[in-house]
Amino acid sequence: MTAVGIDAVEIWTGKLRLDLPGTFAPAEGEDPEKYTKGLGLETSSFPDAYEDIVTMGANAAKRLIDRKGLDPQEIGRIDVATESAFDNSKPVSTYIAGCLEQVYDDDFHHANKGERKFACLAGTQAIDDAYNWIRAGRNRGRAALVVATDTALYARGDPGEATQGAGAVAMLVTEDPSVVELSTEQGYGSADETDFLKPNQQFPSVDGKRSMQVYLARMREALTDFESVAWDAHPDDFAYTPFHTPFPGMVRKAGLLGYRHMIRDTEIEDALEGRIGRQPREEAHEDREAYEEAIRGYMDELKGTEEYRSWYGDVIGPTLDISRRVGNWYTGSVHLARMSALRHAADNDVDLAGRKLLVASYGSGAQAEIHAETVVDGWREEVEATNLDDQLARRYDLSYEEYEGVHDRHNHDMDVEMEEFTRPDGEFVFTGWGRMSERKYDYVE
Ligand code: CAA
């Protein structure tokens, strides 16, 4: 069977940055260590006055198309994953294709375009759609362009304000990919949950603490489901495990849970027995409550072991580097985690081709999906071709007052003019509204 997977990735960050421990925490009267140590965040990205989900998505896509030397006719599908859409009918992919058609001679009239929605999970679902389309033989040799783009803003004063972010990840899905091959086995954990939602409103209604519990519960279900069709996962099976990362502290919790699950009945559990005992088994406890308390005690011990700390440092830590510097990009977040890991491997000269990743995606509302990917030859060149470090270094550093203005500027219920902080250079920009309230864009040389 021909390999199908991700052939190229390009990232576009919002051009502004907010220093969370240095600027946001003091202004909010909070301890900076809540950000650095608790949530695991340093800075978040925000869009400048002329940026939005379309410009960021189109700019990432253009970099990808140019770098791969593609003609629009070679792309048979454009799917956008977002939870920040501003139009309930016309998909964001049409706006992005419209932008791209301003700069290429050819057009995307024969590409199937759509928009995927399931909170932060939608980026992974759009990759699935592309995979299925290629596997079904309906792609006529063409590639699929998947763009995950979001401006993750919370209402001012909401605890989620600490975890905001903005940016886009463009991915090309093809046969014989150059980054990762996707596995056919997938695990799902899905339930009707009311933890984070946007019922026809821009900023989410969030039950933050509950959303974290739901994240962990659905991830656990998805891992069990994955194992039922794949194999019993072992910590040594994977070079990295990129998770959906609303903030790195969330992944710290998920990683510990995953590790405990994977070491059960293995030589690692045996080796730890003398120091922290065996994992509590539910049947040995009077009721669920007693069992859960025993599990919490075991996890506290497990967290401090050399085995766990070393695994976490090697397999999870490297996935969090980008997220720590840009915040939550919702649909793009798990794909940033993958890139973060691959960049770490490239920087440290790790021979990754043939190694596996366990990719754990999640969307509130709620659904987790877990699958394996195999890194393929070509990954290093692809990763090294991105210019994320330059983009991150060029971001304008906002003061707290400027941040307040930026939040208002991107609030759909406010009509706020704002001077731009950066100068567009060879990119798509938002220029205003047309006669039918459509958003308009131009390419700036
Ligand atoms: N030093 C060290 N650590 C500190 C600290 C300090 N001075 N102050 C606080 N902390 C720690 C806390 O102990 C806590 O860590 P633990 O959970 O491990 O105990 C962490 O920092 C955060 O502190 P709080 O819990 O006090 O923070 P908060 O009440 O302001 O809310 C939040 C945190 C609930 C995550 C909030 O930011 C939120 O609602 N975020 C949006 C929802 C979200 O991201 N949910 C994640 C799961 S849902 C999902 O993944 C989908 C999605 O993308 C939204």
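Everything that follows concerns the structure shown earlier in this document.
**Q** What's the story with the sheet that holds strand S8 (residues 180-190) in this structure? I'm lost.
**A** Pairing between sheet strands relies on hydrogen bonds along the backbone, with the strands arranged either parallel or antiparallel. Strand order in the open sheet formed by 9 strands is S5-S4-S6-S7-S1-S8-S13-S12-S11, and the pairing between neighbours is mixed. Sheet topology places strand S5 (112-116) and strand S11 (238-240) at the edges, where each strand pairs with a single neighbour. Averaged over all adjacent pairs, the angle separating strand axes in this sheet is 30°, with direction ignored. Sheet topology places strand S12 (residues 356-363) next to strand S13 (residues 367-375); 8 bridges connect them, and they run antiparallel. Bridge assignment links Ala360 to a residue of S13, and that residue is Ile370. Contacts from helix H12 (residues 333-347) reach strand S1 (4-13), strand S7 (165-175), S8, S11, S12 and S13 within the one sheet, and its direction differs from that of S12 by about 155°.

**Q** Help me out: how do you make sense of H12 in this one?
**A** Side chains of residues three or four places apart in an α-helix project in the same direction, reflecting 3.6 residues per turn. Here H12 spans 21 Å end to end across 15 residues, near enough to the 21 Å set by a 1.5 Å rise per residue. In terms of burial, H12 is a largely internal element, 13 of the 15 residues being buried. Downstream of H12 by a residue or two, Asp349 has a phi angle that is positive, lying close to 55°.

**Q** It is not clear to me how the site of the ligand should be interpreted in this structure. Could you clarify?
**A** Inspection of the region around the ligand gives 27 residues, with Lys34, Lys209, Ser211, Lys253 and Asn328 positioned closest. At a separation of 2.4 Å, an oxygen atom of the ligand approaches a polar side-chain atom of Lys209. For the ligand, an oxygen atom lies 2.7 Å from a polar atom in the side chain of Lys253. Burial of the ligand by the protein amounts to 74% of the accessible area it has alone, namely 1,000 Å². Secondary-structure elements contributing two or more residues to the shell around the ligand are helix H2 (32-39), helix H6 (208-229) and helix H7 (248-263).

How each quantity is defined
- Residues numbered from 1 in each chain as written.
- Predicted model: local features only at pLDDT ≥ 70, side-chain atom pairs only at ≥ 80, totals over all residues.
- Heavy atoms only, no water.
- Pairing = 2+ DSSP bridges.
- Helix = DSSP H or I, 4+ residues; strand = E, 2+ residues; numbered from the N terminus.
- Axes fitted to C-alpha atoms, helices over the stretch in contact; angles between N-to-C directions.
- Contact = heavy atoms within 4.5 Å.
- Expected span 1.5 Å × (residues − 1).
- Buried < 20%, exposed > 50% of the residue type's maximum accessible area, 1.4 Å probe, protein only.
- Near = heavy atom within 4 Å.
- Polar contact = N/O pair within 3.5 Å; in protein donor to acceptor, adjacent residues only side chain to side chain.
- Areas by Shrake-Rupley, 256 points an atom, 1.4 Å probe, with all protein chains shown as cover.

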